[in-house]
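This is what each chain is made of:
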Amino acid sequence: MTITTTSPPTSNSKEEEHIDPYMNNLDLDILIVGAGFSGIYLLYNLRKKGYKVKVFEGSNGLGGTWQINRYPGARVDSDQPVYQLSIPQIWKEWTWKEKFPGGEEIRQYFDFCDKILDIKKDVAFNTKVIGANFKKTEGKWMIKTNDGRITKAKYFLPCIGFAAKRYIPDFPGIETFKGKIYHSSEWPKFEVDVSEKRCAVIGTGSSGVQIIQEWGKRAKSLVVFQRTPNLCLPMSSRNLTAEEQNIQKHEYPNYFLRREAHFGGFVFGFLPRDTFDDTEEEREKIFEAI
Ligand SMILES: Cc1cc2nc3c(=O)[nH]c(=O)nc-3n(C[C@H](O)[C@H](O)[C@H](O)COP(=O)(O)OP(=O)(O)OC[C@H]3O[C@@H](n4cnc5c(N)ncnc54)[C@H](O)[C@@H]3O)c2cc1C
Ligand SMILES: *[C@@H]1O[C@H](CO)[C@@H](O)[C@H](O)[C@H]1NC(C)=O
């Protein structure tokens, strides 16, 4: 490839003029809130278009919900290659170890994204947005953070996920319970040894089901409290080889487009009929195929 340029790179070229995301009185084109999949994807694209854009992130790392949810068994439930960014520099170079990666592998993936895209230089961590007002006279958002700063931005893009706000149920008597209480989204950094413990898990959503599978193997005893029965299928995860991924990679751009065309973000959509409209054989065939 030949690159022709009339003006040689100068010291004040866009690339080199770096603005510290922790700076006071930042005045931006765009402020993104949240450094998970969405925030990172937007940063990558908007930065490329030449906007002055930064990210404020309340936690101390990249990955959003994956940075926060570190409970035992935390794992993806969408199989690869569907659960990843469609950024070519990333998917061309990255190799997944498992079809349904665990939290640790996802966090390694975000480290890799940072290595390739240099994301962190544009993110202020431990920076929580606590308010934002649009000032009509200036045509800009005034964004307030917990460190006392006010940041101006023409566009304000909250990429704060759907589960960033932790829910603590108000069970009567919870404050006098003598045992240990752990919340799936506020897990301690050390491993909780349950081999001599009588344990209970409340809830059978995705997180509950994942914790149950890990603690069921390790705990002295485990009781599950379930209000509404949930449907779980065997995940059939397996290790992936680099070879099988490399063979498929030329299909990825097409695959990612199909992903975007469906409501659920998967490569299949709704079937316009009821489950029991099909014969058992037809149903099995469809379930197996998807
Ligand atoms: C264990 C687990 C498994 C999952 N598996 C799947 C799966 O298989 N398939 C699937 O599609 N989805 C899955 N999800 C859902 C997951 O939420 C999304 O896939 C995705 O990670 C969401 O990315 P996001 O960038 O939209 O939001 P998030 O990852 O939630 O990121 C939001 C970020 O915004 C930050 N933030 C929020 N409020 C503020 C504030 N006021 N100031 C500053 N920062 C703030 C948060 O700290 C967080 O880092 C799973 C989630 C978990 C926990
Ligand atoms: C998958 O790979 C890990 C090491 O990365 C290994 O410990 C494990 O046994 C493998 N699982 C299977 C089913 O081959």
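Residues numbered from 1 in each chain as written. Chains lettered and ligands numbered in written order. Predicted model: local features only at pLDDT ≥ 70, side-chain atom pairs only at ≥ 80, totals over all residues. Heavy atoms only, no water.

A word on the pattern of salt bridges
Any two side chains of opposite charge can pair, on the condition that their charged atoms come close.
Thinking step 1. Counted under the stated rule, the structure contains 16 salt bridges.
Thinking step 2. A salt bridge links lysine 99 to aspartate 79; the nearest nitrogen and oxygen atoms lie 3.6 Å apart. Residue lysine 99 is found in the loop between α3 (88–91) and α4 (103–117), and its partner aspartate 79 is found in the loop between α2 (65–68) and α3; the two are separated by 20 residues along the sequence.
Thinking step 3. Judged by its relative accessible area of 26%, aspartate 79 falls in the partly exposed class.
Thinking step 4. One continuous salt-bridge network, built from bridges that share partners, spans Glu191, Glu214, Lys217 and Arg218. (Salt bridge = Lys/Arg side-chain N within 4 Å of Asp/Glu carboxyl O. Helix = DSSP H or I, 4+ residues; strand = E, 2+ residues; numbered from the N terminus. Buried < 20%, exposed > 50% of the residue type's maximum accessible area, 1.4 Å probe, protein only.)

Focus: the confidence of the model for the chain
Thinking step 1. Here the chain shows a mean pLDDT of 92. Residues at 70 or above account for 94%.
Thinking step 2. Segment residues 1–13 is flagged for pLDDT under 50; beyond a separation of four residues in sequence, or across chains, it makes three contacts in the model. (pLDDT = per-residue confidence, 0-100. Contact = heavy atoms within 4.5 Å.)

Brief notes about helix α7 (residues 252–260)
Thinking step 1. The complete set of buried residues in α7 reads Tyr252, Tyr255, Phe256 and Arg259. What you see down the axis of α7 is that its buried residues fit within an arc of 100 degrees, all on one side. In α7, the exposed positions that point more than 90 degrees away from the buried face belong to Leu257 and Glu260.
Thinking step 2. Residues of α7 that are buried sit in contact with α3 and α6 (242–248). (Arc of directions from axis to C-beta.)

Quick word on a nonpolar patch on the surface
Thinking step 1. A cluster of nonpolar side chains, contributed by Phe171, Ile202, Val223 and Phe225, occupies part of the molecular surface with about 400 Å² of accessible area.
Thinking step 2. Mapped onto the elements of the fold, valine 223 is located in strand β8 (residues 221–225). (Patch = residues over 30% accessible without salt bridge, like charges linked within 9 Å, V, L, I, M, F, W, Y side chains within 5 Å. Areas by Shrake-Rupley, 256 points an atom, 1.4 Å probe, with all protein chains shown as cover.)

Observations regarding the environment of leucine 85
Thinking step 1. Note that leucine 85 resides in the loop between α2 and α3.
Thinking step 2. Considering only alpha carbons, one finds leucine 85 and phenylalanine 37, 48 residues apart in sequence, at a separation of 7.3 Å.

Considerations on the site of ligand 1
Thinking step 1. The local shell around ligand 1 holds 29 residues, among which Ser38, Glu57, Asp77, Ser78 and Tyr83 are the closest.
Thinking step 2. Here an oxygen atom of ligand 1 and a side-chain polar atom of serine 38 are 2.6 Å apart.
Thinking step 3. The protein chains hide 82% of the 980 Å² of surface that ligand 1 would expose on its own.
Thinking step 4. Elements represented by at least two residues in the shell around ligand 1 include exactly α1 (37–48) and α2. (Near = heavy atom within 4 Å. Polar contact = N/O pair within 3.5 Å; in protein donor to acceptor, adjacent residues only side chain to side chain.)

A few points about the pairing of strand β5 (residues 140–145)
Thinking step 1. Across six bridges, the pairing between strand β4 (residues 129–135) and β5 is antiparallel. Considered in β5, the bridge of phenylalanine 134 is made with tryptophan 141.
Thinking step 2. From the end of β4 to the start of β5, which pair antiparallel, there are four residues, and glycine 139 there has a positive phi angle of about 65 degrees.
Thinking step 3. Examined bridge by bridge, β5 and strand β6 (residues 150–158) share four bridges and lie antiparallel to one another. Pairing of lysine 144 across the sheet is with isoleucine 150, part of β6.
Thinking step 4. Hairpin connection from β5 to β6: four residues lie between these consecutive antiparallel strands, with glycine 148 at a positive phi of about 90 degrees. (Pairing = 2+ DSSP bridges.)

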